[in-house]
Amino acid sequence: MKKRYSIITAVLIAALLLSGCSKGYKDESGAAQNSSAYSNAMPTSANADADYYYGGLDQSKGIESATESLPGDNGSSNENSISGRKLIKNVSLFIETLEFDQSRTTVENLVNTFGGYIESSSATDRSINNGRSLRYASYVLRIPGEHLDDFLKSSGNIGTITSQNMSTEDVTLTYVDLEAKTQSLEIQQERLLEFLEKAETIEDVIKLEDRLNTVRYQLEAQKSQLKNYDNLVAFSTVSINLQEVQRITIVEPEPETLGQRIASGFSDTMYDLGEGLKNFIVWFIVNLPYILIWGVIIFLAIFFGRKIAKKNKKKKAEQASAAQAAWLASQTNQGYVNPNPSAPSNNDTNTDNR
């Protein structure tokens, strides 16, 4: 029995000693942590910096919770945020019109009707061979996502749509990542402000303010990107290329049969001939003064050219006649030429007598 009591007493004494040591260790570690509170507020390694940025939060849970709250800002719904997705839509339209001014007015009216705005626009004139100027305009419109489909249905009132392209970009993961980083930076900013209030030395104040400025700069950059994404998601981008034409391009299926192909080709040829004749008439009338001037110049050149040529020919003929007459006279004086060609000459008579 005495042996058993001695063992129990030894165990109790050992337990008391261990509890006292652990208490002393906790007191020492707590003091060490308090003395290095400011240095721990500023991470010194990449891993510690990342842990501090995210505030020790479970990233998978943070992303899931952020994804669940995506359908709209401040609880509002958005057509481009479908099932918690952040979608950026871009549409490009190529439109032909015969009434350029009226089409431009229609574009502005549609933008106002659906609550959008014109981000940028430009208009130019393009001259063609027949002297007529065909105009061209381009627009970059921002249309609310919930009204995009209605706007596209009404865009046929602007003119004839010859081409329409749409692209959708899903930025959900990027948006969630930005939100998580923004929340972590906000937590870090609050902690730094708390440490700054408790700072006692100038050195600690300088370090904390330097770190706080860096965090604030990063936080503003993150918030700016989030606002940009919110704007791109809330307002779809619609690019319109408006072209004034003389003839609307007929958008129809490719002809299949031989007869359809012949009829389509013949129709195009007759149109081209008619347009060619019109262009020639316009060109002829516009350039008529030049044609008359050059016509007079060419006529005078031909007239005086022929007159000079005729005069030179006559002069050459006279010179030839004079030369021939002089030659005949010289031959007659020497007795070699019979002045009367029909009568036999003396030389011929002598030859016959022989």
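In case you missed it, the structure is sitting above this.
Below is a summary of the structure that appears in this document. (Residues numbered from 1 in each chain as written. Predicted model: local features only at pLDDT ≥ 70, side-chain atom pairs only at ≥ 80, totals over all residues. Heavy atoms only, no water.)

Points about the overall build of the protein chain
Working step 1: Regarding its fold elements, the protein chain presents 11 helices and five strands.
Working step 2: Expressed as a percentage of the 354 residues in the protein chain, the buried residues total 24%.
Working step 3: Contacts spanning at least 24 positions in sequence make up 77% of the contacts within the protein chain whose residues lie at least 6 apart.
Working step 4: Carbon together with sulfur atoms contributes 56% to the accessible area of the protein chain, which is approximately 25000 Å² in total. (Helix = DSSP H or I, 4+ residues; strand = E, 2+ residues; numbered from the N terminus. Buried < 20%, exposed > 50% of the residue type's maximum accessible area, 1.4 Å probe, protein only. Contact = heavy atoms within 4.5 Å. Areas by Shrake-Rupley, 256 points an atom, 1.4 Å probe, with all protein chains shown as cover.)

Comments concerning the environment of Gly84
Working step 1: Take Gly84: it is sitting in the loop between helix H4 (59-68) and strand E1 (87-97).
Working step 2: As for Gly84 and Thr172, which are separated by 88 residues in sequence, their C-alpha atoms are 8.0 Å apart.

Some details on a nonpolar patch on the surface
Working step 1: A cluster of nonpolar side chains, Leu277, Phe280, Ile281, Trp283, Phe284, Ile285, Leu288, Ile291 and Leu292, forms an exposed patch at the surface whose accessible area comes to about 850 Å².
Working step 2: Of all the secondary-structure elements, those providing two or more residues to the nonpolar patch are helix H9 (258-286) and helix H10 (288-333).
Working step 3: Considering every element that reaches the nonpolar patch, the biggest residue donor is H9, with six residues.
Working step 4: Looking at the secondary structure, you find Phe280 in helix H9.
Working step 5: With relative accessibility at 48%, the residue Phe280 sits in the partly exposed group. (Patch = residues over 30% accessible without salt bridge, like charges linked within 9 Å, V, L, I, M, F, W, Y side chains within 5 Å. Salt bridge = Lys/Arg side-chain N within 4 Å of Asp/Glu carboxyl O.)

Things to note about the pairing of E1
Working step 1: Among the 11 residues of E1, eight are classified as buried, and the element is accordingly described as predominantly covered.
Working step 2: Note that E1 and strand E4 (residues 160-170) share 10 bridges and pair antiparallel. By the bridge assignment, Leu87 is partnered in E4 with Asp170.
Working step 3: Of the pairings in the sheet, the one linking E1 to strand E5 (residues 235-244) comprises eight bridges and is parallel in character. Within E5, the residue paired with Ser92 across the bridge is Ser239. (Pairing = 2+ DSSP bridges.)

Details of the packing of aromatic side chains
Working step 1: Scanning the model with the defined rule gives six aromatic pairs in all.
Working step 2: Taking 5.3 Å as the distance between ring centres and 80° as the angle between the ring planes, the aromatic pair formed by Phe303 and Phe304 counts as edge-to-face.
Working step 3: For Phe303, a relative accessible area of 42% translates into the label partly exposed.
Working step 4: Put simply, the rings of Phe280, Trp283 and Phe284 touch in pairs and so form one group of aromatic residues.
Working step 5: The ring centre of Tyr175 lies 4.6 Å from the NZ or CZ of Lys86, which sits over that ring. (Phe/Tyr/Trp six-rings, centres within 6.5 Å; stacked < 30°, edge-to-face > 60°. Lys NZ or Arg CZ within 6 Å of the ring centre and 35° of its normal.)

Regarding the packing of helix H7 (residues 172-198) against helix H8 (residues 202-234)
Working step 1: Close contact between H7 and H8 brings their axes to 9 Å; oriented N to C, the two are set at 155°. Overall, the two elements H7 and H8 adopt an arrangement that is roughly antiparallel. Between H7 and H8 lies a crossing whose hand is left-handed.
Working step 2: Residue classes in the contact of H7 with H8 are distributed as 14 nonpolar, seven polar and eight charged. (Axes fitted to C-alpha atoms, helices over the stretch in contact; angles between N-to-C directions. Parallel < 35°, antiparallel > 145°, perpendicular 65-115°, else oblique. Left-handed = near helix turned anticlockwise from the far one by under 90°. Nonpolar A, V, L, I, M, F, W, Y, C, P; charged D, E, K, R; others polar.)

Let's talk about the side chain of Glu96
Working step 1: Looking at the secondary structure, you find Glu96 in strand E1.
Working step 2: Here Glu96 is buried and forms no salt bridge, its nearest opposite-charge partner Arg247 lying at an N-O distance of 9.0 Å.
Working step 3: In contact with Glu96, not counting residues within four places along its chain, are Gly159, Thr160, Thr162, Gln243, Val245, Arg247, Ile248 and Thr249. (Lys, Arg positive; Asp, Glu negative; His and termini not counted.)

Some remarks on the pattern of salt bridges
Working step 1: Following the criterion strictly, the structure yields seven salt bridges and no others.
Working step 2: Here Lys181 ties to Asp177 by a salt bridge, and the two come within 3.3 Å at their closest N and O atoms. Highlighted residues: Lys181 and Asp177, both in helix H7, separated by four residues, approximately one helical turn.
Working step 3: Note that Lys223 is salt-bridged to Glu186, the shortest N-O span being 3.8 Å. Of this pair, Lys223 sits in helix H8 while Glu186 sits in helix H7, and the two are 37 residues apart along the sequence.
Working step 4: Exposure remark for Lys223: the relative accessible area of 32% places this residue in the partly exposed category.
Working step 5: Here the salt bridges do not stand alone but share partners, grouping Asp101, Arg135 and Glu244 into one network.

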